[in-house]
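So the chains spell out like this:
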Amino acid sequence: MTINRRDLEFILYELLQCEELCETGRFVDYDRNAFDAVLDTAYTLAADRFAPLAATMDANEPEFRDGKVVLPEGVREALEDYIGAGFLGAGFDLADGGMQLPGIISFAVSSIFAAANISLSGYAGLTRAATNLLITHGSDSQKQTFLEPMLSGRYFGTMCLSEPHAGSSLSDIRTKATKTADGDYLIEGSKMWISAGDHELSENIIHFVIARIDGAPSGTRGISLFIVPKYRVGPDSSVGESNNIALAGLNHKMGSRGTVNCLLNFGESGDCRGYLVGEENHGLACMFHMMNEMRIGVGLAAVSLGYAGYIYSLDYARNRPQGRHPQDKDPNSPQVMIIEHADIRRLLMWQKVYAEGGLALALYCARLLDDQAVASDEDERRRLGLLLDILTPIVKSWPSEFCLEANKHAIQVLGGYGYTREYPVERLYRDNRLNAIHEGTHGIHGLDLLGRKVRMLEGTAFKLLIEEIRIDIRKAAATPDLQGHAADLTDAIQKLVETTLALTGCGNLNLSLSNATPYLDAMGNIVIAWMWLKQAQVANRKLREKPQEDTGSDFNFYTGKISACHFFFTYKLPVVLSELTILARLDDSLLKMTEEAYLGT
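Residues numbered from 1 in each chain as written. Predicted model: local features only at pLDDT ≥ 70, side-chain atom pairs only at ≥ 80, totals over all residues. Heavy atoms only, no water.

**Comments concerning the overall build of the protein**
Link 1 in the chain: Scanning the protein for helices and strands turns up 18 helices and 12 strands.
Link 2 in the chain: Here the protein has a C-alpha radius of gyration of 25 Å; the compact-globule value for 601 residues is 25 Å, and the two agree.
Link 3 in the chain: In terms of overall dimensions, the protein has C-alpha extents of about 80 × 65 × 55 Å along its principal axes.
Link 4 in the chain: A burial count over the protein gives 55% of its 601 residues as buried.
Link 5 in the chain: Across the protein, the fraction of contacts at a sequence separation of at least 24, relative to all contacts at a separation of at least 6, is 75%.
Link 6 in the chain: Of the roughly 25000 Å² of accessible surface on the protein, 50% is carried by carbon and sulfur atoms.
Link 7 in the chain: Taken as two groups, the 57 positive and 77 negative side-chain charges of the protein have centres that lie 4 Å from each other. (Helix = DSSP H or I, 4+ residues; strand = E, 2+ residues; numbered from the N terminus. Rg over C-alpha atoms; globule rule 2.2 N^0.38 Å. Buried < 20%, exposed > 50% of the residue type's maximum accessible area, 1.4 Å probe, protein only. Contact = heavy atoms within 4.5 Å. Areas by Shrake-Rupley, 256 points an atom, 1.4 Å probe, with all protein chains shown as cover. Lys, Arg positive; Asp, Glu negative; His and termini not counted. Charge placed at Lys NZ, Arg CZ, Asp CG, Glu CD.)

Now the structure itself:
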């Protein structure tokens, strides 16, 4: 129950051609054999150490006993094996103590572990993002103190943004920072929904906390970022006394139950020391460096969980006998496997197009990050950055919505069994439900896309994305088997452009943004159609290169890709066109609805 290795290799090597990265100076020490060895180790470790703990961590969520958070046996040892294999620092520079793997390979590895056990992989993912934030925005002395312990897994990391009264409204945070005579800051306040906020899995926990310095401007302009360790740290990275961060309570969640989530109080029982990251009042920009990486990671996690449910339900459908074909009326004839039933195939096909389409998008974004890292031309780096900017709300939110739908279909394939805890698909659904909420809710990302990303720089990022899609449309139009799909995507792009102009040109911003979430879904589906067209082009070319009599596993794989592309274009794209037509009308029924009218009170 993990990511299909054949599909992962197809996306990495055939679709996104990640071996090209080995020709650049940054990744010259790697080749495909090295990448395959990394994947081999990841698959083995995920199967042997992560997957066996998934149900256990779900059934035995964290407890607060005798002043400590207690997790099930085996969790710490599994993470130590993960760290010992080098995966925590895989994507970081050699100079910093990492393996300097391409980001696309690191993300592929993350998908393998997330599919096996999302709760366990969460601790590593948060620490990687916090470490990246430290490297990008920390001072030399901060890196000297914290970097090696974090990359080696001695210290884990978190981010602390939300507060009990403010939720996603960061302009309303109340946590304050008071500067001391020695240049440090005293942190006071409460932070809510802190994943991995307290545990005994590492020697220390490094919290990245946003707070408002005394006298700072109101709103988000007055937010600063601080490193606030659970235990105070000496110049030699030694762990000292408590830094007065109190665990105020554990949150009991629907899913991802094995990842600690908590309320933390800073400085309620004594001085809590924090260290300014970057400049005063510029903390939000620094924090969003971590947030954007985490948002791509959230999308990948959603894909991984949807993919895991797909693999499990497909195996179940192949091996579960039940019923007969509609034309077979003889009750004494042998039963067929349920994959023979048309509606089961429908449920499996939706899972395939969502999971494999989402994986292609997430790894495409990872490849953009790598291309940006190796680009020598500043204009090219800027272009790649703009593509990432506009795709980030989509890569986070589309899988969180539609790979959750895939998990729903996996439950349905198993029928009543799928609803029970004896089978993993109900857990995968519960785990995945979180992804539409954390690192920005689905609605917030709709506002980000329509309210900011498609408008910024007079629509430059939006225009770049449209042109990237049109390049692949032109290639597909030259392939007879894909000309119809190229024409359909051309129509969808045109409708998207028209709808975008209508929504962004509306003088009533509230009316425009009332359509933000369905706009995000519609644009996301067009981007996934693009991903499927790209995959179908590769599959079509590979089939043409094969001998006509070759009908082995590769033939089945490539024809499966083409069939999935056809299914998505047939059943999803026409719906998107209808949705965009509705959005362009700028219907105001939501705004006219009064609070009292919902219940008539």
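And the narrative resumes.
**Remarks on the pattern of salt bridges**
Link 1 in the chain: Tallied over the full model, the rule gives 39 salt bridges.
Link 2 in the chain: The partner of Arg367 in a salt bridge is Glu20, with the nearest N and O atoms 3.3 Å apart. One end of the pair, Arg367, is in helix H8 (residues 342–374); the other, Glu20, is in the loop between helix H1 (5–15) and helix H2 (32–59), and 347 residues separate them in sequence.
Link 3 in the chain: Accessibility expressed as a relative area gives 11% for Arg367, which makes it buried.
Link 4 in the chain: Residue Asp81 is joined to Arg49 by a salt bridge in which the shortest nitrogen-to-oxygen separation is 2.6 Å. Of the two residues, Asp81 is situated in helix H3 (residues 75–84) and Arg49 in helix H2; the sequence distance between them amounts to 32 residues.
Link 5 in the chain: Judged by relative accessible area, Asp81 falls into the partly exposed class, the value being 34%.
Link 6 in the chain: Where salt bridges share partners, they join Arg5, Glu9, Arg32, Asp36 and Asp40 into one cluster. (Salt bridge = Lys/Arg side-chain N within 4 Å of Asp/Glu carboxyl O.)

**A short note on the environment of Ile582**
Link 1 in the chain: Here Ile582 shows up in helix H17 (residues 573–584).
Link 2 in the chain: What makes Ile582 partly exposed here is its relative accessible area of 48%.

**Describing the UniProt feature "domain: Acyl-CoA oxidase/dehydrogenase middle" (unreviewed entry) in the protein**
Link 1 in the chain: Mapped onto this numbering, the UniProt entry annotates "domain: Acyl-CoA oxidase/dehydrogenase middle" (unreviewed entry) at residues 159–242.
Link 2 in the chain: Each end of residues 159–242 is marked by a C-alpha atom, and these two atoms are 19 Å apart; helix forms 0% of the span and strand 48%. (UniProt positions renumbered as here; feature names shortened; annotations may be inferred.)

**Section: the nonpolar core**
Link 1 in the chain: Counting 192 residues, the largest nonpolar core has Leu8, Leu12, Phe208, Leu363, Leu391, Leu489 and Tyr519 as the members making the most contacts within it.
Link 2 in the chain: Those residues in contact with Tyr519 that lie beyond four places of it in its chain are Leu449, Leu450, Val454, Phe462, Leu496, Thr500, Leu503 and Leu583. (Core = buried A, V, L, I, M, F, W, Y, C linked by side-chain atoms within 4.5 Å.)

**Concerning the pairing of strand E4 (residues 176–179)**
Link 1 in the chain: Strand direction decides the pairing type here: E4 and strand E5 (residues 185–195), joined by 4 bridges, are antiparallel. The partner of Lys176 across the bridge, within E5, is Glu188.
Link 2 in the chain: Counting the residues in the hairpin turn of E4 and E5 gives 5 residues, including Gly183, whose phi is positive at 95°. (Pairing = 2+ DSSP bridges.)

**Some thoughts on the packing of aromatic side chains**
Link 1 in the chain: Enumeration according to the criterion identifies 20 aromatic pairs in this entry.
Link 2 in the chain: Joined through ring pairs, the aromatic side chains of Trp350, Tyr354, Trp398, Phe402, Phe567 and Tyr571 make up one cluster.
Link 3 in the chain: Geometry around Phe557 places Arg6 over its ring, the cationic atom sitting 4.3 Å from the centre. (Phe/Tyr/Trp six-rings, centres within 6.5 Å; stacked < 30°, edge-to-face > 60°. Lys NZ or Arg CZ within 6 Å of the ring centre and 35° of its normal.)

**A look at the environment of Thr175**
Link 1 in the chain: Within the element layout of this structure, Thr175 appears in the loop between strand E3 (155–160) and E4.
Link 2 in the chain: For Thr175, a relative accessible area of 0% puts it in the buried group.
Link 3 in the chain: Taking C-alpha positions, Thr175 is 42 Å from Ala47, a pair spaced 128 residues apart along the chain.
Link 4 in the chain: Filtering out sequence-adjacent residues up to four positions away, Thr175 remains in contact with Glu163, Ile187, Glu188, Gly189, Ser190, Lys191, Ile210, Ala211 and Arg212.

**Here's the deal with H1**
Link 1 in the chain: Within H1, 9 of the 11 residues are buried, which leaves the element mostly enclosed by the surrounding structure.
Link 2 in the chain: Those residues of H1 not exposed but buried are Asp7, Leu8, Glu9, Phe10, Ile11, Leu12, Tyr13, Glu14 and Leu15.
Link 3 in the chain: Between the side-chain oxygen at the start of H1 and the backbone nitrogen of Arg6 there is a gap of 3.2 Å, and the oxygen is on Asn4. (Polar contact = N/O pair within 3.5 Å; in protein donor to acceptor, adjacent residues only side chain to side chain.)

**Considerations on the packing of H1 against H2**
Link 1 in the chain: Look at H1 against H2: their axes get within 13 Å of each other, and the N-to-C directions meet at 145°. Here H1 runs over H2; the crossing is right-handed. Counted together, Arg5, Leu8, Glu9, Leu12 and Tyr13 of H1 and Arg32, Phe35, Asp36, Leu39, Asp40 and Tyr43 of H2 form the full contact between these two elements.
Link 2 in the chain: Residues belonging to the contact of H1 with H2 are distributed by class as follows: 6 nonpolar, no polar and 5 charged. (Axes fitted to C-alpha atoms, helices over the stretch in contact; angles between N-to-C directions. Left-handed = near helix turned anticlockwise from the far one by under 90°. Nonpolar A, V, L, I, M, F, W, Y, C, P; charged D, E, K, R; others polar.)

**Let's talk about the pairing of strand E6 (residues 204–213)**
Link 1 in the chain: The buried count for E6 comes to 10 of 10 residues, which makes it a mostly enclosed element.
Link 2 in the chain: Where E3 meets E6, 6 bridges bridge the pair, whose relative direction is parallel. By the bridge assignment, Met159 is partnered in E6 with Phe208.
Link 3 in the chain: Relative to strand E7 (residues 224–229), E6 is paired through 6 bridges, and the arrangement is antiparallel. Residue pairing for E7: Ala211 is matched across the bridge by Ser224.

**Digging into a nonpolar patch on the surface**
Link 1 in the chain: There is a patch of nonpolar side chains on the surface, built from Leu590, Leu591, Met593, Tyr598 and Leu599 and spanning about 560 Å² of accessible area.
Link 2 in the chain: Checked against the element boundaries, Leu590 lands in helix H18 (residues 589–592).
Link 3 in the chain: Overall, Leu590 belongs to the exposed group, its relative accessible area being 54%. (Patch = residues over 30% accessible without salt bridge, like charges linked within 9 Å, V, L, I, M, F, W, Y side chains within 5 Å.)

**Observations concerning the state of the cysteines**
Such a bond, covalent and formed between the sulfur atoms of two cysteines, is termed a disulfide.
Link 1 in the chain: Considering all chains together, one arrives at 0 disulfides under this definition.
Link 2 in the chain: Here Cys22 stays unpaired: no disulfide links it, and the sulfur of Cys18, its closest cysteine neighbor, is 6.8 Å away.
Link 3 in the chain: Among the residues examined, Cys22 registers a relative accessible area of 12% and is labelled buried.
Link 4 in the chain: In this model Cys286 remains outside any disulfide bridge; the closest cysteine sulfur is found in Cys160, 16 Å from its own. (Disulfide = S-S within 2.5 Å.)

**Some words on unusual backbone geometry**
Of all residues except glycine, most have a negative phi; of all peptide bonds, most are trans.
Link 1 in the chain: In this structure, Asp66 takes a positive phi of about 50° despite not being glycine.
Link 2 in the chain: With respect to the secondary-structure elements, Asp66 resides in the loop between strand E1 (63–65) and strand E2 (68–70).
Link 3 in the chain: Even without glycine at this site, Asn281 takes up a positive phi of about 70°.
Link 4 in the chain: Secondary-structure assignment places Asn281 in the loop between strand E12 (273–277) and helix H7 (283–319).

**A few points about the packing of helix H9 (residues 378–414) against helix H12 (residues 456–477)**
Link 1 in the chain: Where H9 meets H12, the closest approach of the two axes is 9 Å, and the angle between their N-to-C directions is 90°. In terms of orientation, H9 and H12 fall into the roughly perpendicular class. Contacts between H9 and H12 pair Arg382, Arg383, Leu386, Leu387, Asp389, Ile390 and Leu391 from the former with Met456, Leu457, Thr460, Ala461, Phe462, Leu464, Leu465 and Glu468 from the latter.
Link 2 in the chain: When grouped by side-chain class, the residues that make up the contact of H9 with H12 number 10 nonpolar, 1 polar and 4 charged. (Parallel < 35°, antiparallel > 145°, perpendicular 65-115°, else oblique.)

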